[in-house]
Amino acid sequence: MTLGEILQALPSTIRRPADVASLQTVVTGIAYDSRRVQPGHLFVALRGLKDDGARFAPEAILAGAVGVVAETPAPDGVTVPWCVVEDAREALALSADRFFDHPSGRLTVVGITGTNGKTTTSHVLAAIFEAAGVPCGLLGTVTCRINGQDEPATRTTPEAPDLQALLRRMVDAGSRACVMEVSSHALALKRVTGVTFAAAGFTNLTRDHLDFHGSMEAYFDAKRRLFAGLDPGVPALLNVDDPRGVSLVGVGGRTVTYAVDATADVHPGLVEESLSGLIFDAHTLRGVVRVRSRL
């Protein structure tokens, strides 16, 4: 893919230089750490809490970067295309999505967010896809699963280029679905921008990650972004036993509520518990489903 094709995916850009030859350069990867740049990479300079990645652009260019995306103008003497954007994190996500040819558009991607229960919910849902004959990838805190093979997970939701690369591998391996945990960090840092979600679920919200978000409101606002970005008609599955779930009703997508105690679209009937697991009727918008679970 050419540099020009990737830069076209970015909003509000100023390109320098704009000669056709430079924009026809083939890009071999997307990097956000100057120390990991290889020849042919596009370097996206992220602005951190203490420093601006644009300061390391000369190092990236020396390492072989064929272009730079940054929030600041190019310094004098830069010889590669320099693209100025308002939000480098958004640009990183969109350029990675474009470079890997929008893999989420070829998968049924379900995002699960919340404080507790993301991992359990994701693993159960992935198992349901597999039982239904739909090969399913899995991304989360415990593992990354591609084509039935588990790999260590470095973080709940990887940085955008790493995430898009994993989705691309799933597509190439024949997966038709992916269930992924979507962390508040990932939402705040726009790592999933560009991902097309076929559904999203909210488990609950309890006190956590305040060292990063600063307040419960900021923490919840990060979770809210997942649902605000859903296309109309995309199921937004909300736990309305949690007051925060109630406040997400109507934020985006097509609301489907679930609860044990509150009135909801999906709720259980009498639950039989034993050492063998659970048996209960799930009352849903499409009727009653008998559920037997070893959980």
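Our structure is the block above this text.
Numbers given for residues are sequential positions, taken from 1 along each chain in its written order. The predicted nature of this model means local features are confined to residues of pLDDT at least 70 and side-chain atom pairs, given and counted, to a pLDDT of 80 or more, with totals for whole chains, interfaces and linings taken over all residues. To obtain the side-chain values, all non-hydrogen atoms of the structure were used and water was disregarded.

1. Examining the overall build of the protein
Check the secondary structure of the protein and you find ten helices and 17 strands. Only C-alpha atoms enter the radius of gyration; for comparison, a globular chain is expected to reach 2.2 Å times N to the power 0.38, where N is the number of residues. Expected size for 295 residues packed as a compact globule is a radius of gyration near 19 Å; at 21 Å, the protein falls within 12% of this value. Taken along the three principal axes of its C-alpha coordinates, the protein extends 70 × 40 × 30 Å. Categorising residues by exposure relies on relative accessible area from a 1.4 Å probe, with only protein chains included: less than 20% of the type maximum marks a residue as buried, more than 50% marks it as exposed, and the intermediate range marks it as partly exposed. Counting only residues that meet the buried cut, the protein has 46% of its 295 residues in that class. Contacts are assigned to residue pairs that have any heavy atoms within 4.5 Å of one another. In the protein, the proportion of contacts linking residues at least 24 apart, taken out of those at least 6 apart, comes to 57%. Working definition of accessibility: Shrake-Rupley area with a 1.4 Å probe, residue cover restricted to the visible protein chains. Surface exposure of the protein reaches about 14,700 Å², of which carbon and sulfur atoms provide 53%. Distance between charge centres in the protein, computed from 28 positive and 32 negative side chains, equals 2 Å. A run of H or I in DSSP becomes a helix once it reaches four residues, and a run of E becomes a strand once it reaches two; helices and strands are each numbered from the N terminus. Positive residues here are Lys and Arg, negative ones are Asp and Glu, while His and the chain termini are left out of the count. Charge placement uses NZ in Lys and CZ in Arg. For Asp and Glu, CG and CD serve respectively.

2. A word on the layout of surface pockets
If you add up the space inside the largest pocket, you get close to 1,900 Å³. The pocket and cavity definitions rest on a 1 Å grid over protein atoms only: a 1.4 Å probe that fits but cannot leave marks a cavity, an open set with protein on both sides within 12 Å along at least five of seven lines marks a pocket, and residues lining either have an atom within 4 Å of a point. In terms of lining residues, the largest pocket is bounded by 40 residues, among which Thr 121, Val 124, Ile 128, Tyr 258 and Val 266 are the most central. Contributions of two or more residues to the lining of the largest pocket are made by β6 (108–113), α5 (118–131), β11 (199–202), β12 (235–239), β13 (254–258), β14 (267–268), β16 (277–284) and β17 (287–293). Take the lining of the largest pocket: its biggest share by element is eight residues, from α5. For this classification, Asp, Glu, Lys and Arg are treated as charged, while Ala, Val, Leu, Ile, Met, Phe, Trp, Tyr, Cys and Pro are nonpolar and the rest, including Gly, are polar. Taken together, the residues of the lining of the largest pocket break down into 26 nonpolar, ten polar and four charged. Grid points are joined across faces, edges and corners, and a volume is the space filled by probe spheres set on the points.

3. Digging into the pattern of salt bridges
One side chain can pair with another of opposite charge once the charged atoms of both are near each other. Salt bridge criterion: a side-chain nitrogen from Lys or Arg within 4 Å of a carboxyl oxygen from Asp or Glu. For the structure on display, the rule yields 15 salt bridges. A salt bridge links Arg 145 to Asp 150; the nearest nitrogen and oxygen atoms lie 2.7 Å apart. Since its relative accessible area comes to 47%, Asp 150 is described here as partly exposed. Of the charged contacts, one joins Asp 172 and Arg 168 as a salt bridge, the two residues approaching to 3.3 Å between their closest N and O atoms.

4. Digging into a nonpolar patch on the surface
The patch calculation keeps residues exceeding 30% relative accessible area without a salt bridge and links them within 9 Å when they carry like charges or within 5 Å when they are nonpolar (Val, Leu, Ile, Met, Phe, Trp, Tyr). The grouping of Val 124, Ile 128 and Leu 295 at the surface amounts to a nonpolar patch, some 290 Å² of accessible area in total. Relative to the helices and strands, Leu 295 is located in the segment after β17.

5. What to know about the nonpolar core
Among buried residues, the Ala, Val, Leu, Ile, Met, Phe, Trp, Tyr and Cys ones that are joined through side-chain atoms within 4.5 Å form a nonpolar core. The biggest cluster of nonpolar side chains holds 31 residues, and the ones touching the most others in it are Leu 139, Leu 167, Cys 178, Met 180, Val 192, Phe 197 and Phe 227. Counting residues per element, the ones that place at least two in this core are β8 (143–146), α6 (160–172), β10 (177–181), β11, α9 (216–228) and β12. Aside from chain neighbours lying at most four places away, what touches Cys 178 is Leu 107, Thr 108, Val 109, Val 110, Cys 136, Gly 137, Leu 139, Leu 167 and Met 170. Among the nonpolar cores identified, the runner-up in size contains 22 residues, and Val 27, Leu 42, Leu 46 and Phe 99 belong to it.

6. Quick notes on the packing of aromatic side chains
When the centres of two rings from Phe, Tyr and Trp lie within 6.5 Å, Trp using its six-membered ring, the rings pair. Their planes under 30 degrees apart give stacked, over 60 give edge-to-face, and anything left gives tilted. Tallied over the full model, the rule gives one aromatic pair. The rule is short: NZ of Lys or CZ of Arg within 6 Å of the ring centre and within 35 degrees of the ring normal puts a charge over the ring. The ring of Phe 220 carries the charged tip of Arg 244 above its face, separated from the ring centre by 4.8 Å.

7. Some words on α9
A rise of 1.5 Å per residue sets the reference length of α9, with its 13 residues, at 18 Å; its end C-alpha atoms lie 18 Å apart and thus fit the reference within 8%. Restricting attention to buried positions, one finds in α9 the residues Tyr 219, Phe 220, Ala 222, Lys 223, Leu 226 and Phe 227. What a helix should span is 1.5 Å times the count of its residues minus one.

8. Details of the sheet that holds β12
Only when DSSP finds a minimum of two bridges between them are two strands counted as paired. Reading across the sheet, the eight strands line up as β9-β8-β7-β10-β6-β11-β12-β13 and stay open at both edges, with mixed pairing between neighbours. Lying at the two open borders of the sheet, with one neighbouring strand each, are β9 (149–152) and β13. Taken pair by pair, the neighbouring strands of this sheet meet at an average axis angle of 20°, ignoring direction. Taken together, the three bridges between β11 and β12 define a ladder with parallel strand orientation. What sits directly across from Phe 202, in β12, is Leu 238. Of the strands in this sheet, β6, β7 (136–139), β8 and β10 touch α5, which is tilted by about 175° from β10. Working convention: axes come from line fits to C-alpha atoms, limited for helices to the stretch in contact. Angles between N-to-C directions cover 0 to 180 degrees.

9. Describing the pairing of β10
For β10, a buried count of five out of five residues is recorded, marking the element as mostly surrounded by other parts of the structure. Here β6 pairs with β10 via five bridges, running parallel. Looking at the pairing, Ile 112 lines up with Glu 181 of β10. The sheet contact formed by β7 and β10 spans four bridges and is parallel.

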